[in-house]
Amino acid sequence: MDDTGSLTLPPLTARSIVLSTLLGHHPPALPARALVRVGELFGTAEGTVRTALTRMVAAGDLEQRDGTYRLTDRLLARQARQDDSRAPRTRPWDGGWEIAVVTTERRSATDRAALRQAMAALRLAELREGCWLRPANLVRARPDVVDEQCTRLTGVPEGDPAALAATLWDLDGWAARARVLEEALLEERTENLADRFMVSAAVLRHLLADPVLPAALLPEDWPGDRLRGRYESTDRDFRRLLLRHIGG
């Protein structure tokens, strides 16, 4: 958002166009010509898109078979997280918190980065270096890297849990952008596919950053579920128009 609270979205690179398209497509595989057609929506030249495809294959982001490009396992995991963010799996909250404390003495930079990435995917926040926690209201698998580096505990904060949550996550900031994105979805019922593509991608990125806290810990009028509902109500029509454009 800019200083006035209006939505501002940065231009998409060819890589971002390809990645956003495949992350939103099920199964996440499309021929090069379809991805070139998406690039055309943004004035991106065919050669630029094809160069991005080649580089993404070399980087291990995509694999190519008979002219079709598909996400590799690492990005399939990201797509799964993205899909889950649209309908998070939760359980009744009894007030407990899950805690993970780093207890491995020597860790490489790669190990540290892998753990940080895993904790973000699990929607845990870092209270201090090496101490991660969140309310125990989510149902999801735990990657091995967490058990390899951390000791896991459960507990209950002595103070106000809502105040603790507010220090761990920028709830007001997340909610403010969510409301702007919701308004953008309300306004996007047009044939301008480029604008709709950018708003759709922005909503999905934002949902990935939702901590998905129990209702008791959230500010009033939390827009998370409302944004999800608005996105779902517009996504089918957007996907239909996009498939028509790429010849799907």
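Residues numbered from 1 in each chain as written. Predicted model: local features only at pLDDT ≥ 70, side-chain atom pairs only at ≥ 80, totals over all residues. Heavy atoms only, no water.

Before going further, it helps to examine the side chain of Glu 98. Counting through the fold element by element, Glu 98 comes out in strand β4 (residues 97-102). Looking at Glu 98, its side chain comes within polar contact range of the side chain of Arg 140, at 3.1 Å. Not counting residues within four places of it along the chain, the set of residues in contact with Glu 98 comprises Leu 124, Trp 132, Leu 133, Arg 134, Pro 135, Ala 136, Arg 140 and Leu 153. (Helix = DSSP H or I, 4+ residues; strand = E, 2+ residues; numbered from the N terminus. Polar contact = N/O pair within 3.5 Å; in protein donor to acceptor, adjacent residues only side chain to side chain. Contact = heavy atoms within 4.5 Å.)

With 16 residues, helix α9 (residues 193-208) should cover 22 Å at 1.5 Å per step; its first-to-last C-alpha distance of 23 Å lies within 8% of that length. Among the 16 residues that make up α9, 13 are buried, leaving the element largely enclosed by the rest of the structure. Capping the start of α9 is the job of one residue whose side-chain oxygen sits 3.3 Å from the backbone nitrogen of Ala 194: Asn 192. (Expected span 1.5 Å × (residues − 1). Buried < 20%, exposed > 50% of the residue type's maximum accessible area, 1.4 Å probe, protein only.)

Glancing now at the packing of aromatic side chains. Within the structure shown, the criterion is met by three aromatic pairs. With centroids separated by 5.4 Å and ring planes inclined at 75°, the aromatic side chains of Phe 42 and Phe 197 adopt a geometry described as edge-to-face. Placement of Phe 42 in the loop between α2 (32-41) and α3 (46-58) and of Phe 197 in helix α9 is noted, with a sequence separation of 155 residues between them. By relative accessible area, Phe 42 is classed as partly exposed at 22%. Given a relative accessible area of 3%, Phe 197 falls into the buried group. Arranged with centres 6.3 Å apart and planes meeting at 70°, the rings of Phe 197 and Phe 238 form a pair that is edge-to-face. Remark: Phe 238 occurs in helix α10 (residues 224-246) and Phe 197 occurs in helix α9; sequence separation between them is 41 residues. (Phe/Tyr/Trp six-rings, centres within 6.5 Å; stacked < 30°, edge-to-face > 60°.)

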